[in-house]
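Fold and contact review
Chain by chain, the residues run as shown.
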Amino acid sequence: MTFGFAPSSAASMSTSADLSAASANPLARILEPAEWASAGIPLLRNPREVVSGLHARHLPRPSTAVVAVLDMDERLRASASFVRQSAPADGWMFRNALLAQLRRVIPHDLRRRTPVRTAVLLYCRDGDARWTEEDGAWMWGLRDACTLHGLRCGAYITLTRDGWQVLGEGRGGRRPNADSPPESFGPSEVPPPLPRTGGAASEVLRRAAAR
């Protein structure tokens, strides 16, 4: 026989109220730099190569997010870019946007016991490279989207007019930046071909997902 205690109605109401307050408060869906640094995010072996490749493929301008999936050898397997909506920064909204893009460009890895592919996020924005609450919301969204798609959560990179910066690592560079032209691809960096699909809708998705 098992004995237990049923929660009181007051406790249930308090818990529901707390959950509702958290879901209504965008600040609850932000990761601070210290939280991000302690999350065990894998380091990129060659961050400049990753940034240059994504910049050349997507030519991001301020308010553009580029989410990319890398394999174990840090080769690009899929990427997608989209423009951030003009609304307050909210990790839940960012999570949904990132997850929608990931679902369009690559199958999930939820059946694997351990993730083998890593998602990284490059966000082009105004301002300098210092952390902002908007960055914290993107970090929260990236981490949650990776969990729901069976991926490892990788680096979060900002791209501004001053250059690029891997937040939480202290690595960065002046080029590429938000104003620079794309760099040429090397022989081993040719963009992967897009899947063959037909119809006008597919053409729209093809242009939006990866260039």
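Residue positions are counted from 1 within each chain, in the order its sequence is given. Local features in this predicted model are restricted to residues whose pLDDT is 70 or higher, and side-chain atom pairs enter the listing and the counts only when it is 80 or higher, whereas totals over whole chains, interfaces and linings include all residues. Remark: hydrogens and water are excluded; side-chain values derive from all non-hydrogen atoms of the structure.

The next point concerns the overall build of the protein. Each helix corresponds to a stretch of at least 4 residues labelled H or I by DSSP, and each strand to a stretch of at least 2 residues labelled E; elements are numbered beginning at the N terminus. Helix and strand content of the protein: six helices and six strands. Reading the protein from its N end, one meets helices and strands in the order α-α-α-β-β-α-β-α-β-β-β-α. Only protein chains enter the accessibility calculation, which uses a 1.4 Å probe; a residue whose area is less than 20% of its type maximum is buried, one above 50% is exposed, and one in between is partly exposed. The burial tally for the protein puts 41% of its 211 residues in the buried class. Pairs at least 24 residues apart make up 67% of the contacts formed inside the protein by residues separated by at least 6 positions. The contact criterion used is simple: two residues touch if any of their non-hydrogen atoms lie within 4.5 Å.

What follows covers helix H4 (residues 91–105). A helix's residues, less one, multiplied by 1.5 Å, set its expected span. Helix length check: H4 (15 residues) gives 21 Å between terminal C-alpha atoms against 21 Å at 1.5 Å per residue, within 8%. Buried within H4 are the following residues: Gly91, Phe94, Arg95, Leu98, Leu99, Gln101 and Leu102. With its buried residues spanning 165° around the axis, H4 presents them on a single face. Contacts made by the buried residues of H4 are with strand S1 (64–70), strand S2 (76–83), strand S3 (118–124) and helix H5 (133–149). The arc in question is formed by the directions pointing from the helix axis toward the C-beta atoms.

Salt bridges are defined by distance alone: a side-chain nitrogen of Lys or Arg within 4 Å of a carboxyl oxygen of Asp or Glu. Inspection of the entire model under this criterion finds 13 salt bridges. A salt bridge links Arg75 to Asp71, with the shortest nitrogen-to-oxygen separation between them at 3.2 Å. Its relative accessible area of 43% is what places Arg75 among the partly exposed residues. A relative accessible area of 12% means that Asp71 is categorised as buried. Put simply, Asp71, Asp73, Arg75 and Arg77 are held in one network by salt bridges that share partners.

Glancing now at unusual backbone geometry. At the junction of Arg175 and Pro176, the peptide bond is cis and its omega measures out at 0° in the coordinates. Looking at the secondary structure, you find Pro176 in the loop between strand S6 (171–173) and helix H6 (200–209). Phi at Leu59 takes a positive value of approximately 45°, unusual for a residue other than glycine. Relative to the helices and strands, Leu59 is located in the loop between helix H3 (47–58) and S1. Judged by relative accessible area, Leu59 falls into the partly exposed class, the value being 37%. The residue Ser63 is not glycine, and still its phi comes out positive at about 80°. The topology assignment puts Ser63 in the loop between H3 and S1. Exposure remark for Ser63: the relative accessible area of 30% places this residue in the partly exposed category.

As for its placement among the helices and strands, Ala129 is situated in the loop between S3 and H5. Taking C-alpha positions, Ala129 is 8.3 Å from Leu167, a pair spaced 38 residues apart along the chain. Setting aside residues no more than four positions away along its own chain, Ala129 makes contact with Thr158, Gln165 and Leu167.

Turning to the nonpolar core, a few remarks are in order. Definition used in this section: a nonpolar core is a set of buried Ala, Val, Leu, Ile, Met, Phe, Trp, Tyr and Cys residues joined via side-chain atoms within 4.5 Å. Membership of the largest hydrophobic core comes to 29 residues, with the highest contact counts inside it found for Trp36, Leu98, Leu121, Trp138, Leu142 and Tyr156. Residue assignment for this core shows that the elements contributing at least two residues are S1, S2, H4, S3, H5 and strand S4 (152–160). With seven residues, the top contributor of residues to this core is H5. Apart from residues no more than four positions distant in its own chain, Trp138 is found in contact with Ala65, Phe82, Arg84, Phe94, Leu98, Leu121, Tyr123 and Tyr156.

Let us now look at H3. Here H3 is 12 residues long and its end C-alpha atoms lie 16 Å apart, about the 16 Å a rise of 1.5 Å per residue gives. Burial within H3 is extensive, with 10 of its 12 residues counted as buried. Buried within H3 we find Pro47, Val50, Val51, Ser52, Gly53, Leu54, His55, Ala56, Arg57 and His58. Two residues or fewer past H3, Leu59 is found with a positive phi of approximately 45°.

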